[in-house]
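Next come the chains, spelled out residue by residue.
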Amino acid sequence: MIIRKLRLERGLTQEQLATMAGVSIRTLQRIERGAPASAETLKCLAAVLDLDFADLRKETAMPEPTQSAAASLPELTEAEREALEYVRDIKGFYIHAANYAVVVLASFAANIWSAPHTWWAVWVALGWGLGLAYHGLSVFEVFHPFSDRWELEQMRKRLERTRVARD
């Protein structure tokens, strides 16, 4: 998370940072998602981001930053975490939509080639399309049946059942 924040603060794309640091884009993506990084990779990233390697290593090794690491590396605020999660949800929806388009086009091509008189690919498009529509409505918060309020209500019910079962 901290690598992603620092990269974004400097206005770099993943491709730019990976190229400048001499690492693969996939490696950078893994590190930004919280996967461990080798010392060599962290040294390269620290050099590009103009950071002290020791502080960067501490930050990526420990879940809670120490006082010295907290002073030199910024933490993500709650608002930044929520914004990052929202952006990831939108990205996931766009990837879902792209996969849908590719598979539906391939299904129609296969349908025309294998059985042009029966339009079975329509069912693929409709079924998956409903799922894609629901995904889009929930990501863009038009329709979100499993909201924070729903989660709190479910937790309250569960805790009540647990309390009653114990008594």
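Residues numbered from 1 in each chain as written. Predicted model: local features only at pLDDT ≥ 70, side-chain atom pairs only at ≥ 80, totals over all residues. Heavy atoms only, no water.

(A) Quick peek at a negative patch on the surface. Taken together, the side chains of Glu-78, Glu-82, Glu-85, Asp-89 and Glu-141 define an acidic patch exposed on the protein surface. In this fold, Asp-89 is placed in helix α7 (residues 78–114). In this structure Asp-89 comes out as partly exposed when scored by relative accessible area, which is 36%. (Patch = residues over 30% accessible without salt bridge, like charges linked within 9 Å, V, L, I, M, F, W, Y side chains within 5 Å. Areas by Shrake-Rupley, 256 points an atom, 1.4 Å probe, with all protein chains shown as cover. Salt bridge = Lys/Arg side-chain N within 4 Å of Asp/Glu carboxyl O. Lys, Arg positive; Asp, Glu negative; His and termini not counted. Charge placed at Lys NZ, Arg CZ, Asp CG, Glu CD. Helix = DSSP H or I, 4+ residues; strand = E, 2+ residues; numbered from the N terminus. Buried < 20%, exposed > 50% of the residue type's maximum accessible area, 1.4 Å probe, protein only.)

(B) Structural detail: unusual backbone geometry. Residues other than glycine seldom take positive phi values, yet Asp-50 does so here, at roughly 60°. Residue placement: Asp-50 occurs in the loop between α4 (39–49) and α5 (53–61). Owing to a relative accessible area of 68%, Asp-50 belongs among the exposed residues under this scheme.

(C) View of helix α8 (residues 121–139). End to end, α8 covers 26 Å across 19 residues, agreeing with the expected 27 Å (1.5 Å per residue, within 8%). Those residues of α8 not exposed but buried are Ala-121, Ala-125, Gly-129, Leu-132, Gly-136, Ser-138 and Val-139. Buried residues in α8 make contact with α7. The first or second residue beyond α8 is Glu-141, which carries a positive phi of 55°. (Expected span 1.5 Å × (residues − 1). Contact = heavy atoms within 4.5 Å.)

(D) Spotlight on the nonpolar core. Ranked by size, the top nonpolar core spans 16 residues in total, and within it Ile-3, Leu-17, Leu-28, Leu-45, Leu-49, Leu-51 and Leu-56 carry the most contacts. Top element by residues in this core is α4. It accounts for four residues. Among the nonpolar cores identified, the runner-up in size contains seven residues, and Tyr-100, Val-104, Leu-132 and Val-139 belong to it. (Core = buried A, V, L, I, M, F, W, Y, C linked by side-chain atoms within 4.5 Å.)

(E) Expanded view of a nonpolar patch on the surface. The grouping of Tyr-86, Val-87, Tyr-94, Tyr-134, Leu-137, Phe-140, Val-142 and Phe-143 at the surface amounts to a nonpolar patch, some 750 Å² of accessible area in total. Mapped onto the secondary structure, Val-87 falls in helix α7.

(F) Summary view of a positive patch on the surface. A grouping of Arg-26, Arg-30, Arg-33, Arg-88 and Lys-91 is seen on the molecular surface, where their side chains present a positively charged patch. Sorting the residues of the positive patch by element identifies α3 (25–32) and α7 as the ones contributing at least two each. Looking at the secondary structure, you find Arg-26 in helix α3. Residue classification places Arg-26 among the partly exposed residues on the basis of a relative accessible area of 41%.

(G) Quick look at the packing of α7 against α8. Relative to each other, α7 and α8 sit at 170°, their axes nearing to 10 Å. In terms of orientation, α7 and α8 fall into the roughly antiparallel class. Here the contact of α7 with α8 is built from residues that sort into 15 nonpolar, nine polar and one charged. (Axes fitted to C-alpha atoms, helices over the stretch in contact; angles between N-to-C directions. Parallel < 35°, antiparallel > 145°, perpendicular 65-115°, else oblique. Nonpolar A, V, L, I, M, F, W, Y, C, P; charged D, E, K, R; others polar.)

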